[in-house]
Amino acid sequence: MFARRIAVIGTGYVGLTTGACLASLGHHVVCADIDAAKVARLRQGEIDILEPGLPELVAEGTAAGRLSFVVGAAAAVQQAERPVEIVFLCVPTPMGEGGAADLRAVQAVIDEVGALLPAGCVVVNKSTVPVGTAAVTAEMLGRDDVAVVSNPEFLREGTAVHDFLHPDRIVVGSSSQGAAERVAALYARLGAPTQLTDAASAEMVKYAANCFLAMKLSYVNALAGLCEQLGADVLEVTEGMGYDRRIGQTFLSPGPGWGGSCFPKDTHALLQIAESAGVDFELVAASLRQNTTTRALVVDKVRAAVGGSLAGRRIGLLGLTFKAGTDDLRDSPALAVAALLRAEGAELVGFDPAHSRAVPGVTDGIDVVDDPIDAAKDAAALVVLTEWPQFRTLDWTALGGVIENRVVVDTRNLLDGDILRRAGFTWMGLGRG
Ligand code: NAD
């Protein structure tokens, strides 16, 4: 394998995983971030995010001299020994005005490094960006001797390292065949199906995949509501559906609505992209509306469970992150449901295995505790909002001893209803007939 000299700009979930994994594949990687304190921590081997295997890979890469950290994109592309060959952009592209992706971070990096890139270098966009961004990036760069490639990332938080090293596919799009092949070659050792395509199609693959998954979840959440009305069990229904290989078993679990750092912003961005192209993508709009409905239905369920009014009632929340296995609270459906409960006057106390204390500006209005017993104490009900597997083995007898009403609303259908009933609880799942 030919070891490349790589710069990765942005050391968040995607950038740090990309940098550490590429270093583990034998490449020489310099990771840059605008956040100097974060870079200082990374240099000490401290990883801010919860990602299994990532601290070990960072330590290995650093010890082997193949992975280092600098402040600012310019420092990463101006490497002393050999010129940088490939620059990955892994910066945020949050929801901007009108739902469109905000490309200011991409623009800022291009402004910073554009003139510094050595001739023959390839700029790779791994951030999720609207169709046409590769072409716009090439224009911003204004360099005939630097190619732009789109290489969307499909990793899932909580399994980021595994997903990066065992991808379902690698998608690489560019108008430069040579540049696309160079980027694809970085992943050659992974043996994944590799699609070389044009940049616009590669950019679209990411939105198309994420919006499809969001739509699948909205479908199953709507189905859960219907099952509940009709006395059918959504788990039986989705099991039967999932045996159909055209549907598959994954992404068929109902919940309190979908969220996280990608689906909400990507669905809004695709809608905005479609609107500017004069295309009515009603399916995606309906999926977003269903998501709002799902959250409201969860609140209805909790309100009913505590006797019809949430005002002044203490509600214990189990789980705050947007899914299990991650510490990420961005656009968490758990927090969205919490906000709705609070708006009706509920007093909230929350427990999450990834957060032992409050996160200012994010968990405001929730008394975050570090023990599930404290979340249950004097609560009118417990609400399971994140599918942390450890909730299955909580000591329900002990929780039953401190709670005011032995009621659990399980929005993830995570717990064993029989165990709870034996401990004297009323257990309510979603869509269980
Ligand atoms: P993140 O917020 O975790 O990390 C982004 C990092 O970029 C931060 O550390 C930030 O300080 C840094 N940064 C911002 N501006 C910078 C600049 N000018 N120079 C250097 N560093 C800068 O974001 P993320 O979750 O890793 O997502 C990055 C991109 O990847 C987004 O477009 C996202 O949609 C996409 N993506 C995310 C995931 C995911 O699961 N998180 C999966 C696939 C794709």
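Details of the structure are given in the entry above.
Keep in mind the model is a prediction, meaning the values are calculated, not measured.

What counts as what
The numbers attached to residues start from 1 for each chain and follow its sequence in the written order. Only residues with pLDDT of 70 or above have their local features reported here, since the model is predicted, and side-chain atom pairs are shown and tallied only from 80 upward, although totals for entire chains, interfaces and linings are computed over all residues. Processing note: side-chain calculations cover all non-hydrogen atoms of the structure and skip hydrogens and water entirely. Summary of the burial criterion: residues with accessible area below 20% of their type's maximum are buried, those above 50% are exposed, and those between are partly exposed, where the area comes from a 1.4 Å probe applied to protein chains only. By definition, any uninterrupted DSSP run of H or I lasting at least four residues is a helix, any uninterrupted run of E lasting at least two residues is a strand, and each is numbered from the N terminus. What the arc describes is the spread of directions from the helix axis to the C-beta atoms. Cysteine sulfur atoms that come within 2.5 Å of each other are treated as a disulfide pair. We call two residues contacting when some pair of their heavy atoms lies within 4.5 Å. Aromatic contacts are taken between Phe, Tyr and Trp rings whose centres are within 6.5 Å, Trp giving its six-membered ring; a plane angle under 30 degrees counts as stacked, one over 60 as edge-to-face, and the others as tilted. The criterion for a charge sitting over a ring is simple: Lys NZ or Arg CZ within 6 Å of the ring centre, and within 35 degrees of the ring normal. Axis angles are defined between N-to-C directions and span 0 to 180 degrees, where every axis is a line fitted to C-alpha atoms and, for a helix, only to the segment in contact. Roughly parallel means an angle under 35 degrees; roughly antiparallel means over 145; roughly perpendicular covers 65 to 115; every other angle is labelled oblique. If you view the pair so one helix is near and one far, a crossing is left-handed when the near helix is turned anticlockwise from the far one by less than a right angle, and right-handed when it is turned clockwise.

A. Quick peek at helix α5 (residues 104–113). All of the buried residues along α5 are V106, V109, I110 and V113. For α5, the angular spread of the buried residues around the axis is 100 degrees, confining them to a single face. Away from its buried face by more than 90 degrees, α5 exposes R104 and D111.

B. Looking closely at the state of the cysteines. Inspection of every chain in the model, using the stated rule, returns zero disulfides. C31 provides the cysteine sulfur closest to C21, a residue in no disulfide bond, and the two sulfurs are 10 Å apart. The thiol of C121 is unpaired, and the distance to the nearest cysteine sulfur, on C90, comes to 14 Å. When its relative accessible area of 1% is taken as the criterion, C121 is described as buried.

C. Quick peek at the environment of I273. Tracing the chain through its elements places I273 in helix α11 (residues 263–276). Residue I273 is classed as buried on the basis of its relative accessible area of 18%. Aside from chain neighbours lying at most four places away, what touches I273 is P130, V131 and Y207.

D. Looking closely at the packing of aromatic side chains. In the structure shown here, the tally under the stated rule is five aromatic pairs. Residues W258 and F263 carry aromatic rings whose centres are separated by 6.3 Å and whose planes lie at 70 degrees to one another, so their mutual orientation is edge-to-face. A single burial state applies to W258 and to F263, both of which are buried. Centroid distance F351 to F391: 6.2 Å. Interplanar angle 55 degrees. Geometry classified as tilted. Taken together, the residues F351 in strand β10 (residues 347–351) and F391 in the loop between β12 (381–384) and α15 (396–402) connect sequence positions 40 residues apart. An aromatic cluster is built from F251, W258 and F263, whose rings are joined through pairwise contacts. Seen from the ring of F154, R169 lies directly overhead, with NZ or CZ sitting 3.6 Å from the centre.

E. Geometry of the packing of helix α9 (residues 199–230) against α11. It is at 9 Å that the axes of α9 and α11 come closest, and there the two elements cross at 115 degrees. Accordingly, the angle class assigned to the pair α9 and α11 is roughly perpendicular. α9 and α11 meet at a crossing whose hand is left-handed. Packed against α9, whose contacting residues are M204, K206, Y207, N210, C211, L213, A214 and L217, the element α11 presents F263, D266, T267, A269, L270 and I273 at the interface.

Any link to function would need more than the numbers given here.
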